[in-house]
Amino acid sequence: LLDVIGLPAFVENRLFDVLAANRLATALSAATRPGENRLRSVFLDPAERDLIPGRDQAAVGMVASFRASVGTDDDDPRITRLIGELSLASEQFRTLWARHDVTALAGGTARMNHPQVGMLELRREKLPVGDSGGQLLVIYHAEPGSESARSLALLGSLAATDEAAAAESIHRELHSCDLPTVTPGASRSGAAGPRASPSRAGSSCSACRGGDGPRRG
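Throughout what follows, the structure given in this document is the object of discussion. Keep in mind that what you see is a predicted model, and the values were worked out from it rather than measured.

1. Focus: the overall build of the protein chain
Then comes step 1: Looking only at helices and strands, the protein chain features 8 helices and 5 strands.
Then comes step 2: Going residue by residue from the N terminus, the α and β elements of the protein chain occur as α-β-β-α-α-α-α-α-α-β-β-β-α.
Then comes step 3: A burial count over the protein chain gives 39% of its 217 residues as buried.
Then comes step 4: A separation of at least 24 residues holds for 49% of the contacts in the protein chain among residues at least 6 apart in sequence.
Then comes step 5: Element-wise, carbon and sulfur atoms account for 53% of the exposed surface of the protein chain, whose accessible area totals about 11,700 Å².

Written out as structure tokens, the structure is:
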């Protein structure tokens, strides 16, 4: 489902642990990679702090939403460990947690200053996943036709290019072939799609040519 949405999307649990994410979501923010905890990233990851303009205000809302999400279930050792870790590592978290603010989980606006495509003005939707114990499907989208929509499309193209380059690198390591090189996208001003030399048919790698054995001279 995440891969067919066509927008940045991920699934998180009530502790804000990311359980699954599509390629565009992880290109948008490293904090949405599976295994990351978004609350921890906001307070302890410098890259995430740089990504979010007005991070201090975002942190206020995040802590209040976390309180709403976990409720009074303070017997869960995972919650206790996370709160303890952040309280020791971040004075800002300690201060906000002591305020006992609670904000209902809901969608809203999100501004991100992305290092590859610049400023993004997005909407964030949070949709409950049925019978999942509090999991949410989170989707980011931009106003159709806006500059942010164009930038988000560019980011998707850059992410696809980078994925193709990574797959090619793995293939080269496994098969020691002379597969044409795909150049990853690097910035907003660069080309959006993969750049490669012609087809695999001319490669000396039998795997590239469908296992038809060594190329004859």
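Having seen the model, we can carry on.
2. Quick notes on the side chain of S148
Then comes step 1: Relative to the elements of secondary structure, S148 occurs in helix α8 (residues 147–175).
Then comes step 2: Not counting residues up to four positions away in its chain, the partners in contact with S148 are M119, L120, E121 and A142.

3. Some points on unusual backbone geometry
Negative phi is the rule for most residues except glycine; trans is the rule for most peptide bonds.
Then comes step 1: Positive phi values are uncommon outside glycine, yet F16 reaches one of about 70 degrees.
Then comes step 2: According to the relative accessible area criterion, F16 is buried, its value standing at 2%.
Then comes step 3: Phi is positive for D131, close to 50 degrees, though the residue is something other than glycine.
Then comes step 4: The topology assignment puts D131 in the loop between β4 (118–128) and β5 (136–141).

4. Observations concerning the side chain of N13
Then comes step 1: Tracing the sequence through the fold places N13 in the loop between β1 (9–12) and β2 (18–21).
Then comes step 2: The buried category is assigned to N13, whose relative accessible area is 14%.
Then comes step 3: A polar atom in the side chain of N13 sits 3.0 Å from the backbone nitrogen of L15.
Then comes step 4: Polar side-chain contacts of N13 include one of 2.9 Å to the backbone nitrogen of D17.

Cut-offs and rules
Residues numbered from 1 in each chain as written. Predicted model: local features only at pLDDT ≥ 70, side-chain atom pairs only at ≥ 80, totals over all residues. Heavy atoms only, no water. Helix = DSSP H or I, 4+ residues; strand = E, 2+ residues; numbered from the N terminus. Buried < 20%, exposed > 50% of the residue type's maximum accessible area, 1.4 Å probe, protein only. Contact = heavy atoms within 4.5 Å. Areas by Shrake-Rupley, 256 points an atom, 1.4 Å probe, with all protein chains shown as cover. Polar contact = N/O pair within 3.5 Å; in protein donor to acceptor, adjacent residues only side chain to side chain.

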